[in-house]
Amino acid sequence: MPYLRFKGFDEGFLRKLGPLVVEEFSRVAVVPPEVVKIELLNIVQITATPRSLEIFIFPREQKKHDAIAATLAGILGRYGYDDVHIFFVLLSPSLYYKEGIPLNNVSWLP
């Protein structure tokens, strides 16, 4: 946690870019790199949908969310993906369970 879920990307591209994304995301979001998870969603499009990046994360200040989105959009744009929709799915530590226990106290959360 947090999870960065990519949709509409090539797996090889994401594997190659993954270390840079983790490094920059962890720096801007102020989370340990080892907790950042990257996933590629395999979907079936029924209607036209844009390439996207869903970020599942505990809430931050708006400026922090803005900085995270700008950083990731910048990285993706440098590799030709400047049309990516980025959005956050905000999680509550008390409603996020690990081994059946809520994460009421996350040491690296601001």
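As a reminder, the structure under discussion sits directly above these lines.
Only a predicted model underlies this, so the values are computations on that prediction, with no experimental measurement involved. (Residues numbered from 1 in each chain as written. Predicted model: local features only at pLDDT ≥ 70, side-chain atom pairs only at ≥ 80, totals over all residues. Heavy atoms only, no water.)

S.K.: Explain the packing of aromatic side chains to me, and be specific about the residues and the numbers.
M.R.: Two descriptors summarise a pair of aromatic rings, namely the distance from one centre to the other and the angle between the planes of the rings. A complete count under the given rule lists 6 aromatic pairs for this structure. With a centroid separation of 4.7 Å and 45° between ring planes, the pair formed by Phe13 and Tyr81 is classed as tilted. Of this pair, Phe13 sits in helix 1 (residues 11-29) while Tyr81 sits in the loop between helix 2 (62-78) and strand 4 (85-90), placing them 68 residues apart in sequence. Of the two residues, Phe13 and Tyr81, neither departs from the other in class, the shared state being buried. (Phe/Tyr/Trp six-rings, centres within 6.5 Å; stacked < 30°, edge-to-face > 60°. Helix = DSSP H or I, 4+ residues; strand = E, 2+ residues; numbered from the N terminus. Buried < 20%, exposed > 50% of the residue type's maximum accessible area, 1.4 Å probe, protein only.)

S.K.: Describe the nonpolar core, and please don't skip the residues or the numbers.
M.R.: Counting 23 residues, the largest nonpolar core has Leu4, Phe6, Phe9, Phe25, Ile68, Leu72 and Leu76 as its most contacted members. Elements with a minimum of two residues in this core: strand 1 (3-7), helix 1, strand 3 (52-57) and helix 2. Ranked by residue count, the leading element in this core is helix 1, at 8 residues. Ignoring any residue separated from it by four or fewer positions in sequence, one finds Phe6 in contact with Leu14, Val21, Ile38, Glu39, Leu40, Leu41, Ser52, Leu53 and Leu76. Counting residues in hydrophobic clusters, the runner-up holds 5 residues, among them Met1, Phe56, Leu91 and Tyr96. (Core = buried A, V, L, I, M, F, W, Y, C linked by side-chain atoms within 4.5 Å. Contact = heavy atoms within 4.5 Å.)

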